[in-house]
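Chain by chain, the residues run as shown.
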Amino acid sequence: MPILTVSNLHKTYDSVHAVDDVSFSADSGELLCLLGPSGCGKSTMLRLLAGLDEPDSGTMTFEGRNLNGLATQERGFGLMFQDLALFPHMDVFGNVAFGLRMQKLPSVEVSVKVHELLDLVEMRSYAHRKVHELSGGERQRVALARSLAPAPKLLMLDEPLSSLDRVLREGLQSQVRRILKEIGVTSIYVTHDRDEAFTMADRLIFMNQGQIIQTGTPEEAIANPADGFVASTLGFKNVLKATISKSGEYLKVKSPIGTIIAAQTEDLPVYPAYESIFLIPEDGISVSVAESSNKSPENSFQGLITERVFRGNRYELRVLIGDGELYCHTSASATNKVGGHVTLTVDPNSIQFLSGQV
Amino acid sequence: MTAGRLLLLVPLAYLAIFFAYPLGSILERSLGGDSGFGFDPFRVLLSDSYYLGRIWFTIWQAVVSTLLTLAVGLPVAFLFAKYEFPGKTLLKALSTLPFVMPTIVVAMGFTALFGSQGIINSVLMSTFGMDEPPVRISNSLTIIFMAHAFYNYAIIVRIVSALWSNLDPSLEQSAKVLGAGPIRTFYHVTLPMLLPAIISGSLLAFAFSFTSFAVVLVLGGPEFATLEVAIYELTAKLFRLPLAGALAIVQLGFTYLFLVLYARFQEQSVVRMDLKPRDATTHHATRWKDKIFVVGMILILLAMLSPLIALVVRWFTIEGGFGTTQMANLFGSDSRGSYFHLSPVKIIWNSLRFALTTVFISLVIGTIISYCITNARRKWRTYADALVMLPLGVSAVTLGFGYIIALGRPPLDLRGSWLILVIAHSLVAYPFVIRSLLPVLKGMNPNLREGAAVLGATPTKIFMLVELPLIAPALLVGATFAFAVSMGEFGASLILVRAEFTTMPVAIFRFLGLPGAANLSMALGMSCLLMAVVSVGFIAIERFRYKGVGGF
């Protein structure tokens, strides 16, 4: 039985469909990630849930109670803004205590709880610092403590870590997840960053142009991206257009890099020939030194290296083939150079066919 | 939202009853005549080169005065925004004094300083053995411009330094890192961010110069007349009421035009910025360069204040005696020492309580209107903004006449009540609250409000706990001006109040009207007292800012 249910939600701003027929649900204690590019409607979704905006149509229920029309301050939810919106005229203590004071708790209790929360985010000694004296990461943790203080039943976080540098961000990601799981609060976390979503989420919701494209665990999404948008959001770089036809037990995939033979998949409708998109995971491509022989074996393509980026344990290559290009990996000891030639071999079993257009 | 709409009715009713209705009554009187409302006065006006000349003169002298005011006000604003130094609070309070002084007092001060027998000429003549006074600026345009700048520079200082002291210094620092020198940093980064405040201040300075009356009449002499002076002459000397009414409408029309243009410009120049608490932006002058600047600016400021200092000097030196006799005169129990059996203490108390009530009314009305304008739809905003600023285009004297005509008869008879005076003052004062509040409201991060709502705060709580502390500095600026406007206002006070409600400027005027050195001493003494009371008031407000708001 889900604790939060959103059905057929619509919201239009100046004739732009910010949220377009969105339905999803969350279980108690679940950590959902809304994943999508900026402007895809994920922030609007949070504003609707928080009651900062009213939907044009559709319903939202929480614990069986209809949220539509309920004032923000009566929902008992938490929302952490992207810019944090810490009150600049209060110190750390005042910020964290704000929600508790709104619940009219006695001041002793407020003080105890604030210190508990500051302990939780490891900011205890900062209680009487001014907001402008804090570093970015410290502010983030104060904002989290402030959101958690009134014990919200649903916590929404709107790209709360996006302004931080990578090292700090990755440290805070696991810290935030640990804290949220420790408290057991149902949470919706908005981000456009795949790695952050993988770190945080129990379940992912992919949004694009106001609509939900796919829902599922990170593993499910990686194994089976719904379309080109999800695939590129997940970081797949080799998403290509193709005309597909049947060739015996195999499929013949005519793409900009040449014709590829792919393994037959059961859920693929088999027409004589049709347009589709497909992806080749970078792990499905093996790299070998270019051979000068004209006759290349099946699924092998010769190409020109246009980019080579060192990734610590491997190199990432960008290879120009025919009218298209592929990204692939080589080991850290490989000696390829930009401008050199390589032969790429695609594993027919690794190819995944996607629905929708590129 | 409906509660917000209802709240809007308060200022609307207030403006309708206390602004539109009295003004309409004057116009009905002057233009209505026996044959009904007509356009003849306008035709006369537009075909008379004298009055067209007055319109042109009024506009260009206001422009020049405003530019001069800016040139004086901006460096002082910088001083107060960026530096901490001993005696800052006192100096800041003193620097706002000119704005409060009744015109007659300022005229006295200017004459005492620049007149042919004034301090400057006496010193120059005795030093260089000259026979003729070398500085001759009485009855000239120069002294009008000087007086306008003297009066209004405090507006620029207050409004601009309030924003300047909260600007994030890292913005200027990043411009410097990007290779901009101090001048380019100011021009490309600081100035654009300060622009809303600068324009706000300039508008107020412009409005006061545009409707300038007493300065032009007393200091400028007969050949210079602004529209306001022309209206006064038509009304009081030539008794051509229809023409005066038409001229008043023309003046109001121009004011509205300027206000709309201003509001348009303001709308474009508003940038949302993160404001920093003051203690993060000011610093003590430690480098030599800074020290020289601070000391130099303080000297310039004292020079600015010299007309007022001249008054104090004159009070102490008049009749050759020293201050104690003057004091004894002022507070003496003999019949000369009390004015209509009112003790100076009672007069001070009158001024103070009127001023405090004016502050209260202006803050309430100004805050409600500012919120309504901030939340209004874009296309209405500029017109509404201009409309609510319209009282700036009407002098307190005109307003006073309107009250006598409209509010001295049923259904609303307020004659004899001191409320009528406070209402007149608040109409002149609340535009200051709006001008200092609007930039802050527009610049406020809406997420703060929403964040508080999500944390369970009701709209009332949000206002009290989040918005009020953040707009408090702007409210204090507004309050300072409301206080100053009421303490120094003279025209409406003279027309409207009964003897028992005499205020300090009115008392000064009455003493000046009586012959004899003792009465002049009285007038000078009351002027000095007014300066002292207002300074104390300003310092109290400043203290309140530091205690209550933590310098934010």
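Above this text sits the structure in question.
Bear in mind that the values here come from a model prediction, so they are computed numbers and not experimental data.

**Details of the overall build of chain A**
Within chain A, the secondary structure is distributed over nine helices and 20 strands. Overall size of chain A, expressed as C-alpha extent along the three principal axes, is 85 × 45 × 35 Å. Within chain A, the fraction of its 358 residues that count as buried is 50%. In chain A, the share of contacts with a sequence separation of at least 24, taken over all contacts with a separation of at least 6, comes to 64%. Counting every atom, chain A has about 16,300 Å² of accessible surface; 48% of that belongs to carbon and sulfur. Chain A carries 33 positive and 43 negative side-chain charges, and their two centres are separated by 4 Å.

**Some thoughts on a nonpolar patch on the surface**
Residues and elements named next belong to chain B. Together, I119, V123, V295, L299, L302, I309 and V313 line one region of the surface with nonpolar side chains, adding up to about 560 Å² of accessible area. If you list the elements that add at least two residues to the nonpolar patch, you get α7 (119-128), α14 (288-304) and α15 (306-317). For the nonpolar patch, the leading source of residues is α14, giving three residues. A relative accessible area of 35% places I119 in the partly exposed class.

**Some thoughts on helix α9 (residues 169-177) of chain B**
The periodicity of an α-helix, 3.6 residues per turn, causes residues three or four places apart in sequence to face the same way. Residue and element names in this part refer to chain B. Three or more residues of α9 are buried, namely P169, E172 and A175. Seen end-on, α9 carries its buried residues on one side only, within an arc spanning 120°. Summarising the contacts, the buried residues of α9 are in contact with α8 (141-164) and α10 (182-210). Immediately downstream of α9, the backbone of G179 shows phi near 100°, a positive value.

**A few points about the sheet that holds strand β19 (residues 341-346) of chain A**
Residues and elements named next belong to chain A. Read from one edge of the open sheet, five strands run β15-β19-β16-β17-β18, paired in antiparallel fashion. Of all strands in the sheet, those with a lone pairing partner are β15 (285-289) and β18 (324-331), marking the two edges. Averaged over all pairs of adjacent strands, the angle between strand axes in this sheet comes to 45°, irrespective of strand direction. Relative to strand β17 (residues 314-321), strand β16 (residues 300-310) is paired through six bridges, and the arrangement is antiparallel. Each bridged residue has a counterpart across the sheet, and for V309 the counterpart in β17 is E316.

**What about the sheet that holds strand β6 (residues 78-80) of chain A?**
Residues and elements named next belong to chain A. Across the sheet, which stays open at both edges, the six strands sit in the order β6-β7-β8-β3-β9-β10 with mixed pairing between neighbours. Sheet topology places β6 and β10 (211-216) at the edges, where each strand pairs with a single neighbour. The average undirected angle you get between the axes of adjacent strands in this sheet is 15°. Pairing analysis gives five bridges linking strand β9 (residues 203-208) to β10, with the strands arranged antiparallel.

**A few points about the interface of chain B and chain A**
Each partner contributes residues to the interface: chain B has 22 residues there, and chain A has 24 residues. The largest per-residue losses of area from chain B upon contact with chain A belong to E450(B), V454(B) and L455(B), which jointly make up 33% of the total buried on that side. A salt bridge links R47(A) to E450(B), with the nearest nitrogen and oxygen atoms 2.6 Å apart. Along the contact surface separating chain B from chain A lie four residue pairs in polar contact (both at pLDDT 80 or more). Of all the secondary-structure elements, those providing two or more residues to the side of chain B that touches chain A are α21 (446-454) and α22 (459-488) of chain B. Residue contributions to the side of chain B that touches chain A peak at seven residues, all from α21(B).

**Details of the pairing of strand β2 (residues 16-26) of chain A**
Residue and element names in this part refer to chain A. Note that strand β1 (residues 4-13) and β2 share eight bridges and pair antiparallel. Residue T5 lies in a different strand from β2, and its bridge partner there is S25. Where β1 hands over to β2, the hairpin turn is made up of two residues, of which D14 adopts a positive phi near 45°.

**Quick look at the packing of aromatic side chains**
Under the definition given, this model contains 29 aromatic pairs over all chains. Summarising the aromatic geometry, the rings of F99(B) and F481(B) are spaced 5.2 Å apart at their centres and angled 90° between planes, so their arrangement reads as edge-to-face. Highlighted residues: F99(B) in helix α5 (residues 97-100) and F481(B) in helix α22, separated in sequence by 382 residues. Per residue, the accessibility class of F99(B) equals that of F481(B), and both read buried. Relative to F258(B), the ring of F210(B) lies with its centre 5.5 Å away and its plane at 85°, an arrangement referred to as edge-to-face. Highlighted residues: F210(B) in helix α10 and F258(B) in helix α13 (residues 241-269), separated in sequence by 48 residues. For F210(B), a relative accessible area of 2% translates into the label buried. Among the residues examined, F258(B) registers a relative accessible area of 21% and is labelled partly exposed. Connected via pairs of aromatic rings, a cluster forms that spans F78(B), Y83(B), W164(B), F186(B) and F293(B). Sitting over the ring of Y315(A), R308(A) keeps its end group 3.7 Å from the ring centre.

Thresholds, definitions, all that
- Residues numbered from 1 in each chain as written.
- Chains lettered and ligands numbered in written order.
- Predicted model: local features only at pLDDT ≥ 70, side-chain atom pairs only at ≥ 80, totals over all residues.
- Heavy atoms only, no water.
- Helix = DSSP H or I, 4+ residues; strand = E, 2+ residues; numbered from the N terminus.
- Buried < 20%, exposed > 50% of the residue type's maximum accessible area, 1.4 Å probe, protein only.
- Contact = heavy atoms within 4.5 Å.
- Areas by Shrake-Rupley, 256 points an atom, 1.4 Å probe, with all protein chains shown as cover.
- Lys, Arg positive; Asp, Glu negative; His and termini not counted.
- Charge placed at Lys NZ, Arg CZ, Asp CG, Glu CD.
- Patch = residues over 30% accessible without salt bridge, like charges linked within 9 Å, V, L, I, M, F, W, Y side chains within 5 Å.
- Salt bridge = Lys/Arg side-chain N within 4 Å of Asp/Glu carboxyl O.
- Arc of directions from axis to C-beta.
- Pairing = 2+ DSSP bridges.
- Axes fitted to C-alpha atoms, helices over the stretch in contact; angles between N-to-C directions.
- Buried area = accessible area lost by both parts, 1.4 Å probe.
- Polar contact = N/O pair within 3.5 Å; in protein donor to acceptor, adjacent residues only side chain to side chain.
- Phe/Tyr/Trp six-rings, centres within 6.5 Å; stacked < 30°, edge-to-face > 60°.
- Lys NZ or Arg CZ within 6 Å of the ring centre and 35° of its normal.

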